[in-house]
Amino acid sequence: SHPLLHQVRRFSSCLYLWDHHFSVVLCSHSQSTGGDQANAIYLELERMGFKAWYDNRASDLTKEGMLKGIEQAAAFILFLSQGVLQRPYCQMEIRHALVLKKPMVLLHESDARYGGFDFRAAHAEAPADLQELLDNNESLPFRRRGYERDGMLKTVVERSGFAQLYAASQEGAGTTADGLAAVPS
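Reading the values: the criteria
- Residues numbered from 1 in each chain as written.
- Predicted model: local features only at pLDDT ≥ 70, side-chain atom pairs only at ≥ 80, totals over all residues.
- Heavy atoms only, no water.
- Buried < 20%, exposed > 50% of the residue type's maximum accessible area, 1.4 Å probe, protein only.
- Helix = DSSP H or I, 4+ residues; strand = E, 2+ residues; numbered from the N terminus.
- Arc of directions from axis to C-beta.
- Core = buried A, V, L, I, M, F, W, Y, C linked by side-chain atoms within 4.5 Å.
- Contact = heavy atoms within 4.5 Å.
- Pairing = 2+ DSSP bridges.
- Right-handed = clockwise from strand over helix to strand, strands pointing away.

Asks: Tell me what's going on with helix 5 (residues 128-136), and back it up with residues and numbers.
Replies: By the burial criterion, the buried members of helix 5 are Leu130, Leu133 and Leu134. Along the axis of helix 5, the buried positions cluster into a sector of 95°, meaning they face one direction only. In helix 5, the exposed residues that point more than 90 degrees away from the buried face are Ala128, Asp135 and Asn136.

This is the structure we're talking about:
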């Protein structure tokens, strides 16, 4: 069995990975072109039982609070949309996650109506270290339709290091929360 499975605890109708070392950070998005999408991903991860750090819902929005959120996370999710790699705080967060060797999960806006991410233009404008990030990591397209979103979220969770936990949560009938509650402690 996976070492994370024993970390699951049930609180009322929600499940959380109680040890802060197993939270997932949802961070680094350009508010004007990726804020709604980042919020949707945050809500979906929370619904699935994962603890997520998201700046618009965090109690400590200082630089130190942002860095602490990354340090306590199992993985770093970067939402790529227009301008994200030019934002100073996004650059700081990305670089901190890279220094800490956090697993990087990249998602990108693929619909131009919602600030689609242009890889070629972003690569040309990005600092060298962030160009390398784009070169060395596959990005998942952000999906809005339910069946596509489910697959996207499954892949995000797996790439964040929770493949076995996700699989255990899907065994049997019921919701993700029901599946997680059934995981033996």
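Continuing now.
Asks: Describe the nonpolar core, naming the residues involved and giving the relevant values.
Replies: Core analysis: the largest hydrophobic core is formed by 19 residues, its most contacted members being Phe50, Leu107, Val156 and Val157. Looking at this core element by element, the count peaks at seven residues for helix 6 (residues 146-170). For Leu107, the contacting residues outside a window of four places in its chain are Ile41, Ile77, Leu78, Phe79, Leu80, Ser139, Leu140, Met152 and Val156.

Asks: How would you sum up the pairing of strand 6 (residues 104-108)? Please name residues and give values.
Replies: Here strand 6 lies mainly inside the structure; five of its five residues are buried. Here strand 6 shows a buried face lined by Met104, Leu106 and His108 and a second buried face lined by Val105 and Leu107. Of the strand pairs in this sheet, strand 5 (residues 73-80) and strand 6 are connected by five bridges, and their pairing is parallel. Residue pairing across strands places Phe79 opposite Leu107, the latter belonging to strand 6. For the crossover from strand 5 across helix 3 (residues 88-99) to strand 6, the handedness is right-handed. Examined bridge by bridge, strand 6 and strand 7 (residues 139-141) share three bridges and lie parallel to one another. Within strand 7, the residue paired with Leu106 across the bridge is Ser139.

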